[in-house]
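# A closer look at the structure
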Amino acid sequence: MESESFYGVTLSEKEPIAQFDVPEIPEDYVVHSHKLIIKQISLGPEAKSGEFNVVQAESNQIADGEKKTIKIPIAVLKVGETRSLRPNIEFPNGSVTFKLVQGTGPVYVCGKAEMNLGEYDDAQMYEEYSDEDDEESDLDDVAPQTNGKGNKKK
């Protein structure tokens, strides 16, 4: 089962930080994949002229068995130069923090969250299919059908 939902936040001087967390999933389901896709980042009409507005994304990554936080600017916006970007950035399998690290905004970040859910995990699915293969191998002992060619009486 696949699920999509809209994601949108406003970053401003008063609220410069927004957190995206992976939603809670019922215990009956297994998450096969989950990602947040940022489709557009825009300056609001109230943004100050001549001011740069920088949006930074922070996400955790596991490398060499250690959890590391990655911080990278994903948008630099300025009235009269760049009011809107379409970055199409994907953040797979985890939470993301967006920060307005420079400027007063408002900056609108929007996109969609996609989730692929299943009732089984991949290992359990593989076991079920391999059990079916074992049952099919029992059929190998049955004589093949000859379409009547070998059954003629002399």
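Here's a quick rundown of the structure. (Residues numbered from 1 in each chain as written. Predicted model: local features only at pLDDT ≥ 70, side-chain atom pairs only at ≥ 80, totals over all residues. Heavy atoms only, no water.)

## Points about the overall build of the protein chain
- Summing up its helical and strand segments, the protein chain has 1 helix and 9 strands in all.
- Starting at the N terminus, the α and β elements of the protein chain follow one another as β-β-β-β-β-β-β-β-β-α.
- Across the 154 residues of the protein chain, 29% fall into the buried class.
- Considering only contacts in the protein chain between residues 6 or more positions apart, those separated by 24 or more positions represent 80%.
- Just so you have it, the protein chain exposes about 10900 Å², and 47% of that area is on carbon and sulfur atoms. (Helix = DSSP H or I, 4+ residues; strand = E, 2+ residues; numbered from the N terminus. Buried < 20%, exposed > 50% of the residue type's maximum accessible area, 1.4 Å probe, protein only. Contact = heavy atoms within 4.5 Å. Areas by Shrake-Rupley, 256 points an atom, 1.4 Å probe, with all protein chains shown as cover.)

## Focus: the sheet that holds strand β2 (residues 17-20)
- Taken together, 4 strands build an open sheet; the order of strands is β2-β8-β4-β5 and the sheet is antiparallel. Looking at the sheet topology across the chains shown, the edges are occupied by β2 and β5 (66-78). In this sheet, adjacent strand axes meet at a mean angle of 25° when their direction is disregarded.
- Examined bridge by bridge, β2 and strand β8 (residues 96-102) share 4 bridges and lie antiparallel to one another. (Pairing = 2+ DSSP bridges. Axes fitted to C-alpha atoms, helices over the stretch in contact; angles between N-to-C directions.)

## Looking at the packing of aromatic side chains
- Within this structure, the stated rule accounts for 3 aromatic pairs.
- Pairing Tyr7 with Phe98 gives two aromatic rings, centres 6.2 Å apart and planes at 35°, and the pair type is tilted. Residue Tyr7 is located in strand β1 (residues 2-11), and its partner Phe98 is located in strand β8; the two are separated by 91 residues in the primary sequence.
- Look at Phe98 and you get buried, because its relative accessible area is 0%. (Phe/Tyr/Trp six-rings, centres within 6.5 Å; stacked < 30°, edge-to-face > 60°.)

## A word on the nonpolar core
- Counting 23 residues, the largest nonpolar core has Ile41 and Phe98 as the members making the most contacts within it.
- Elements represented by at least two residues in this core include exactly β1, β2, β3 (30-43), β4 (52-63), β5, β8 and β9 (107-118).
- At 4 residues, the largest contribution of residues to this core is made by β3. (Core = buried A, V, L, I, M, F, W, Y, C linked by side-chain atoms within 4.5 Å.)

## Some words on the environment of Arg83
- If you trace the backbone, Arg83 turns up in the loop between β5 and β6 (84-85).
- For Arg83, a relative accessible area of 33% translates into the label partly exposed.
- In sequence terms Arg83 and Pro45 are 38 residues apart; their C-alpha atoms lie 9.1 Å from each other.
- With residues up to four places along the chain from it excluded, the contact list for Arg83 reads Ile41, Ser42, Leu43, Gly44, Pro45, Leu77 and Lys78.
- Polar contacts involving the side chain of Arg83 include one to the main-chain carbonyl oxygen of Gly44, which spans 2.7 Å. (Polar contact = N/O pair within 3.5 Å; in protein donor to acceptor, adjacent residues only side chain to side chain.)

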